[in-house]
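Below are the chains, spelled out letter by letter.
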Amino acid sequence: MNLSSHRKIFKLSLTLIGVIAINLFESIYADPFPLNNFDTIDSGGGESGGHHTYDSIMLPKRFMSPSAVSPLSKIDLHLSDNEIEQAFTLGKDMVYRNWRLEDQLVRDGIFTNMSHISAVSRHQAVTTTLPLGNILDHNQEVFEETSKILLRNLTTNLDPYETSETAMALSSVQLRSPLAKAAVDHCQQHIMCKPSRYRTSDGSCNNLQYPEWGKSFTCFQRLLPPAYADGQSEPRKSIDGYPLPNPRVLSAVVHRDLNYPATYTHMVMQFGQFVAHDIAFTPSSRTSSFKDGKMIQCCPWGSNRHPQCYPIPLPKEDPFYSKFEEDCMNFVRTAKCPQCKLGPRQQMNQITAYIDGSMIYGSMENESRALWTQTGPAGRMHVQMGANGKELLPQALDATNDQCSKPDQNIFCFKAGDKRANQHPALTGLHIIMLRQHNRIVNELKYLNPYWDGETLYQEAKRVLIAQLQAITYKEWLPLIIGPDAMKYLKLNVQYKGYSKYDPYANAGIINEFSSAAFRFGHSLVNSVFAEILPNGKTTGYRLREFFFNPFGFYEGQLDAVLRGLISQAAQNRDPFITTDMKNHLYRPKDNPWGLDLAAFNIQRGRDHGIRGYPDYLKFCFDEKIEYWEQLDQYMPASQRKKFQSLYKSIYDLDLFSAGLAEYPLPGAAVGPTFTCIIGIQFYNLKYGDRFWFEHGYQVHSFTPAQLHEIRKITLAKLICANSDDIQYVQKNVFRGESESNPVVACKTLDDTHLGPWKGAPAGDLNEKSPSPGQYNHHPPPRPPPKFHYKPMYKSSAAASAAAAVVAASS
Ligand code: HEM
Ligand SMILES: [Ca+2]
């Protein structure tokens, strides 16, 4: 395609694609939900210019330190070892009871049949625990059952505050009795750190003091303590103890399907999901591994249900599901994370928190090894060739079980570092680009350093690609999401020159409120039709609902059309509205009438995790005490607030996902103040808490100034140019539409990372400066007692030095 046709297409698509799409696929944007008695949103989606500018809404005055993961309770429980031992005995009995129940369910055939492809089986195949996660989840079970028993004995009234304080106090109880100690020993993961200039596959030993920080299969952090109904693990309820509004009703009334195109491209959505898959993967429970790890089935309604079931009731009057007489949507609770102590439930992140390309390279050592070539042209990622002779991801290995491949027709889905890679074609497309980029770097490094062995080539190429991903994320993508002011305030901008500094007290671990609410904002950006632009400039498209787990077009050379579509089509605005392709049709196999509802899932997931109500985050982020509904009008349109008011009994019940999506955006940002607060804190920690962050200096593995200069030149535009099948022209910043300041240019004029500065031995003599092996071997516990370190953020330097004086005086 030549320059002018690309330009024409771009303009057309950004301004008109919504309209074209409507004409082409008339029913796509139709809102299937009558409004009933709820008023319409008067202002359209995502209007900007709320009352707040970034200056008047400050970011939180504090950062949560790791210690905030297990907030200290003021209650001292005075439990004797004997009492704890007794509770553990009963706790173990409860675990056996759960196993017997699992046996019964399996005997009765109540588990998801994975040999039949359905939306439910697809969701489970992709999001359930891996074998290791399953073992860890079940190791935590005895602690949870014991906590419940102790909690019942310790709390005499039903005051939710007292129950949750007591549950939190349980997490500090010393476990010294024999049964308790045995459970701890069985549960703990021991980590050995070896000095290395490279990251580990599982993210361990990034922080040498706390080697488990950011590692795969560890706990999420929390900004605020959980709000479980029973203080311990039961999903959140209304503050008056009644059920919360039905998530499917919220999905229908609040997250309606309305078409408001954004000013940025669909690539903002796609890269966002790619980043999400680098940092968060919340697995849902399955039956214990030695019960064969069956998928839990929660529907239809019946008396015998797995304890981790939390299905969504579908109302009789549901305008969509009632047509199919569906009244129950399968939802399985997230696996417990192995805290190996008593106290409230915490959830597990199955992948590495760091932006370390784990969706490309895997989050476990053995998984990673299997993805690259140790012999032949060593150091390269495994590939297979498409019909046009270009590299594609290798073939999925578990074709009979991946809910995607069609082994009977001899067509297979793809294998990548993340299990979700085949979810929809645009996501798979980015995986292919990054896979090719790794191999492209290997080729060049090999040319420069013919004597490097396969391992060195792999590791060094991986380091470069991760650095490029980090640079693109913080230079091109994140500023569009949280806006320029927050970027500056949090010192997240990629520097022009010089190094940044690692902070060993920043925990990069993913924050529960981030992954189960704030960072799911991306779901509102998704279009129902994904544009595809052919080499002759012709625009076509595919409907998302028809293409879940359908990446087969890549074998026939579909890649460029998908990429051109992503960078030419406008995304949907960030607003409360979510397309029905994600709501009624999520994961729907082609010949099935219905799929799942992601908006309802997000709400249910937040409750499953005990995420507190939205007003608590206004307090946390902005010190705003919310007492009446109208106060919300400074954050969101009044019509939206009224809608919430008609659905929720109490303002304190508002689900974070739904309310956050309804906020006015900050200037120059896609999201509003509360999501900016949460996403900002997370991305601050992902940068400053990553010892291998590409810009951090003064370490043995740091990039040299010359290398850093090369990394900083990269753009996503260049990666697309260099690794697509045959794209010759793109706009400079592919997250923005074409404009005078963002012109479409020939690929060859775009800067690339030149690898000249990588010629020679990999920098950094490990023997000189690194600790001797074993120095950092870490056997938890002991850990330092948890305490809050608030890291105050001050705007003016006068305030900063005043604060420093206070800190110095108090320490
Ligand atoms: C077509 C596009 C997308 C589809 C089909 C999709 C689908 C899903 C599904 C099925 C889940 C699991 C829900 C649950 O069981 O709780 C999920 C989780 C999530 N999604 Fe998306 N998503 C898409 C795009 C995005 C985008 C653009 C972003 C962010 C910019 C995003 C961020 C997340 C996050 C952070 C999670 C939680 C991850 C975890 O901890 O497991 N998604 N998504
Ligand atoms: Ca990662």
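Structure: see above.
Residues numbered from 1 in each chain as written. Chains lettered and ligands numbered in written order. Predicted model: local features only at pLDDT ≥ 70, side-chain atom pairs only at ≥ 80, totals over all residues. Heavy atoms only, no water.

Help me understand the side chain of S121, please; the structure alone is not making it clear to me.
Locating S121 in the fold gives a position in helix α3 (residues 119-127). Engagement of the side chain of S121 in a polar contact is seen with the backbone oxygen of H116, the distance being 3.3 Å. Excluding residues within four positions of it along the chain, S121 makes contact with T112, N113, M114, H116 and Q403. (Helix = DSSP H or I, 4+ residues; strand = E, 2+ residues; numbered from the N terminus. Polar contact = N/O pair within 3.5 Å; in protein donor to acceptor, adjacent residues only side chain to side chain. Contact = heavy atoms within 4.5 Å.)

Please clarify how the site of ligand 1 should be interpreted in this entry.
The immediate surroundings of ligand 1 are formed by 25 residues, with H123, T282, R520, H523 and R605 found nearest. Separating a nitrogen atom of ligand 1 from a side-chain N or O atom of Q273 is a distance of 3.3 Å. Here an oxygen atom of ligand 1 and a side-chain polar atom of T282 are 2.5 Å apart. Elements with a contribution of two residues or more to the shell around ligand 1: α8 (266-279) and α16 (598-608). (Near = heavy atom within 4 Å.)

Just to check I follow, could you spell out the state of the cysteines for this structure?
Such a bond, covalent and formed between the sulfur atoms of two cysteines, is termed a disulfide. Under the criterion given, the structure shown has 8 disulfides. Each sulfur of the disulfide joining C721 and C747 lies 2.0 Å from the other. Residues C721 and C747 are joined by a disulfide whose S-S torsion is about -70 degrees; by sign, that bridge is left-handed. Placement of C721 in helix α22 (residues 716-723) and of C747 in the loop between β12 (744-746) and α23 (766-769) is noted, with a sequence separation of 26 residues between them. Residue classification places C747 among the buried positions, given a relative accessible area of 7%. (Disulfide = S-S within 2.5 Å. Buried < 20%, exposed > 50% of the residue type's maximum accessible area, 1.4 Å probe, protein only.)

Quick question: what am I supposed to make of the coordination of the iron atom of ligand 1 here?
Note on metal sites: the ideal angle is 109.5 degrees for four tetrahedral donors, and 90 or 180 degrees for six octahedral donors. You will see that the iron atom of ligand 1 has only one donor from the protein, H523 (NE2), lying 2.1 Å away. With respect to the element layout, H523 can be found in the loop between α13 (512-516) and β8 (529-533). (Donors = N, O, S within 2.8 Å, 3.2 Å for Na, K, Ca; no water.)

Sorry, what's going on with the nonpolar core here?
Nonpolar side chains in soluble globular proteins tend to be buried together. The biggest cluster of nonpolar side chains holds 168 residues, and the ones touching the most others in it are I679 and F683. Sort the elements by how many residues they give to this core and helix α12 (residues 454-489) lands first, with 18 residues. Within the second largest apolar cluster, 22 residues are counted, among which are A169, V173, L175 and A180. (Core = buried A, V, L, I, M, F, W, Y, C linked by side-chain atoms within 4.5 Å.)

Explanation requested: the pattern of salt bridges in the structure shown.
Opposite charge on two side chains makes pairing possible when the charged atoms of those side chains draw close. Scanning all chains against the criterion turns up 29 salt bridges. For the salt bridge of R369 with E455, the shortest nitrogen-to-oxygen distance reads 2.9 Å. Here R369 is found in helix α10 (residues 365-369), whereas its partner E455 is found in helix α12, with 86 residues between them in sequence. A relative accessible area of 31% means that R369 is categorised as partly exposed. Under the relative-accessibility criterion, E455 is labelled partly exposed at 31%. Of the charged contacts, one joins R641 and D633 as a salt bridge, the two residues approaching to 2.7 Å between their closest N and O atoms. Among the charged side chains, a network of salt bridges with common partners joins R197, E460 and R463. (Salt bridge = Lys/Arg side-chain N within 4 Å of Asp/Glu carboxyl O.)

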